[in-house]
Amino acid sequence: MLVKTEVIVLRSMKYRDTSKIVTFYSKEYGKIKGIAKGARSAKNKFGSALEPLSHSMLLVYKKEHRDLHLISQCDSINPFKKLTENLDRMTAALSILELADHVTHHEEKNSALFLLLVEVLSTLNESTRNFKAYSYAFQLRLAALFGYAPNFETCSRCGKNVPAGNNENQVTFQITSGAVLCSECHEPPGPREYGSDRNLAFMPLSVQGLQLIRCLFGTQLSSLENLNYDAHTGNETEELIRLYIKYHFDEIKSLKSEKYFQQHVSIF
Amino acid sequence: MFYTAESIEQLAEQFAQLPGIGRKTAHRLALYILKMPREEVETLAKALVNVKDKVRYCSICSNITETDPCSICSNTKRERASICVVEEPHDVIAIEKTHEFKGLYHVLGGALSPLDGIGPDDLKIKELLQRFSNTTIDEVILALNPNVEGEATTLYLSKLLKPLGMKVTRIARGLPVGSDLEFADEATLTRALEGRIAV
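Residues numbered from 1 in each chain as written. Chains lettered and ligands numbered in written order. Predicted model: local features only at pLDDT ≥ 70, side-chain atom pairs only at ≥ 80, totals over all residues. Heavy atoms only, no water.

Moving on, we get to the nonpolar core. Among the nonpolar cores identified, the biggest contains 83 residues, and A:Leu121, A:Phe138, A:Leu216 and B:Leu157 are the most heavily contacted of them. If one sorts the elements of this core by residue count, helix α1 (residues 87-103) of chain A sits on top with 10 residues. (Core = buried A, V, L, I, M, F, W, Y, C linked by side-chain atoms within 4.5 Å. Buried < 20%, exposed > 50% of the residue type's maximum accessible area, 1.4 Å probe, protein only. Helix = DSSP H or I, 4+ residues; strand = E, 2+ residues; numbered from the N terminus.)

Next comes the structure, spelled out in structure tokens:
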């Protein structure tokens, strides 16, 4: 059956002399894979529409019970050209694709995830700074889409709004439950909590860190480039989100783009 | 249980390890070898062993060669002030076919790929930097594939090389000769317009 669907290109790999095997996240069918014959030759009909990070319209011969479909045509809707013009921006965008690829399964439809991918890539494409923030905002919103929405607003025990006072590190975030605890409800950490399994830890979070993480999770993506935070707050937030995502998504052992993030992308 | 002779099966198994060759093709090739004259089979076997024994990487440009340094690096007629950086040895062949470039090459052995975990340490980037300390280079031409990996490598290398004070250029991107403008995609056409030159 010949079907037409809007897609984000997640990754592509070389196949034989001139072909490509491309992984897409589609609006109607979730993650699908296709083979594009002749896509690497100079006169190919696909152009840049099959390059990772592209937002394209795909026409594919889709067969039941098959993992690999034959790509008939692919036209670019938005190539997100600026994403590939800056190394930091590109690394942030690729880390978003890698995570989306890891947490999704073959042909499991999730239109909300597709729309989130389009929104985050298009705002990142137009952004001028804070590229890393877009990746972390995507991670928190992705967790929410999969039913692991964190709560940064009220204490999970007493229900009060946090933070209640002015002390630094007064708020604690529990990775397992994805909720914050106010200073009154949280007891000092025991040896188990800061032991070998850090995933189970209650992580202390500064007031600035809490504000930043609320912005990443709640505010409009287009306003992320206006955030101003110091390196310590950035590091603290980054570590918390990394552990939270790793704990809730079993598929993620290690993200290859994470190494790049640490080496090449400047902090918030 | 073998359907043919054991040696045919073994040969087919070896052929099947090659990229793009499935089991049926491997069997067909093995049976074709059986029909070939003995001298031709010996020449083929010798050629295979020679490739492994004689071919190595050039200590200067990392291209594949039988003599170290390679024929391009040891050629005194080549311009030594410009280096063309490419991903793979077959890219050198493609550029040499144009007869337009008279300088030297540097083969990176791949491209940066954050999605595959290929970083700067996995490529011959340190070797490229070493070349600048030994000789004076005026221009570095980045001739990398126009895809995400090629773009990432181009951006990384330009960031690394520009502070060293040399001219860093990249090959133009645009329409292939003989194609029609109306069938070009937006990204290619945009880049072709950006890279327009005065005539």
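Attention now moves to the side chain of A:Glu236. Residue and element names in this part refer to chain A. Locating Glu236 in the fold gives a position in helix α5 (residues 231-248). Taking relative accessible area as the criterion, Glu236 reaches 11% and is therefore assigned buried. In this structure the side chain of Glu236 is engaged in a polar contact, spanning 2.8 Å, whose partner is the side chain of Ser206. (Polar contact = N/O pair within 3.5 Å; in protein donor to acceptor, adjacent residues only side chain to side chain.)

Okay, empty space enclosed by the protein next. All names here are of chain A. A full pass over the atoms with the stated rule returns 1 cavity of 30 Å³ or more. Approximately 110 Å³ is the volume attributed to the largest cavity. As for the largest cavity, its lining consists of 12 residues, and the residues nearest its centre are Tyr136, Gln139, Arg242, Leu255 and Glu258. Taken together, the elements giving at least two residues each to the lining of the largest cavity come down to α3 (131-145), α5 and α6 (256-264). (1 Å grid on protein atoms, 1.4 Å probe; cavity = no way out; pocket = protein on both sides within 12 Å on 5 of 7 lines; lining within 4 Å. Points joined across faces, edges and corners; volume = space filled by probe spheres on them.)

Another point: the packing of aromatic side chains. Counted by the stated rule, this structure contains 6 aromatic pairs over all chains. Between the aromatic rings of A:Phe152 and A:Phe217, the centroid separation amounts to 6.0 Å while the plane-to-plane angle is 80 degrees, which identifies the pairing as edge-to-face. Residue A:Phe152 is located in the loop between α3 and β6 (171-174), and its partner A:Phe217 is located in helix α4 (residues 207-218); the two are separated by 65 residues in the primary sequence. Owing to a relative accessible area of 2%, A:Phe152 belongs among the buried residues under this scheme. Look at B:Phe101 and B:Tyr105: their rings are 5.3 Å apart centre to centre, the planes differ by 70 degrees, and that puts the pair in the edge-to-face class. (Phe/Tyr/Trp six-rings, centres within 6.5 Å; stacked < 30°, edge-to-face > 60°.)

We now examine the packing of α1(A) against helix α6 (residues 148-161) of chain B. One can describe the packing of α1(A) onto α6(B) by two numbers: an axis separation of 10 Å at closest approach and a directional angle of 145 degrees. The two elements α1(A) and α6(B) meet at a crossing, and its hand is left-handed. Together, A:Leu87, A:Asp88, A:Met90 and A:Leu94 of α1(A) and B:Val148, B:Glu151, B:Ala152, B:Leu155, B:Tyr156 and B:Lys159 of α6(B) make up the contact between the two elements. Of the residues in the contact of α1(A) with α6(B), the class split is 7 nonpolar, no polar and 3 charged. (Axes fitted to C-alpha atoms, helices over the stretch in contact; angles between N-to-C directions. Left-handed = near helix turned anticlockwise from the far one by under 90°. Contact = heavy atoms within 4.5 Å. Nonpolar A, V, L, I, M, F, W, Y, C, P; charged D, E, K, R; others polar.)

Turning our eyes to something else, we now look at the domain arrangement of chain B. By the assigned domains, chain B splits into domain 1 (6-54) and domain 2 (80-170). Relative to domain 2 of chain B, the C-alpha centre of domain 1 of chain B lies at a distance of 36 Å. (Domains from an automatic or database assignment.)

We now examine the pairing of strand β2 (residues 19-26) of chain A. Here is the key point about a regular strand: its side chains alternate between the two faces of the sheet. Residue and element names in this part refer to chain A. Burial runs high along β2: 8 of the 8 residues are buried. Two elements, strand β1 (residues 2-15) and β2, share 8 bridges in a ladder whose sense is antiparallel. Bridging across to β2, Ser12 finds its partner in Val22. With 7 bridges connecting them, β2 and strand β3 (residues 30-36) associate as antiparallel partners. Bridging across to β3, Thr23 finds its partner in Lys33. Hairpin remark: β2 followed by β3, antiparallel, with 3 residues in the connecting loop. (Pairing = 2+ DSSP bridges.)

Right, let's talk about the interface of chain B and chain A for a bit. With 26 residues of chain B at the interface, the matching set in chain A holds 26 residues. Across the interface of chain B and chain A, roughly 2300 Å² is buried in total on both sides, 61% from carbon and sulfur atoms. Looking at the side of chain B facing chain A, the largest losses of area belong to B:Pro114, B:Leu115 and B:Val148, adding up to 31% of the total buried there. Linking chain B to chain A there are 2 salt bridges. A:Lys81 serves as the salt-bridge partner of B:Glu194, at 2.7 Å between the closest nitrogen and oxygen. Of all elements in the fold, only α6 and α7 (186-194) of chain B reach the threshold of two or more residues within the side of chain B that touches chain A. Take the side of chain B that touches chain A: its biggest share by element is 6 residues, from α6(B). (Buried area = accessible area lost by both parts, 1.4 Å probe. Salt bridge = Lys/Arg side-chain N within 4 Å of Asp/Glu carboxyl O.)

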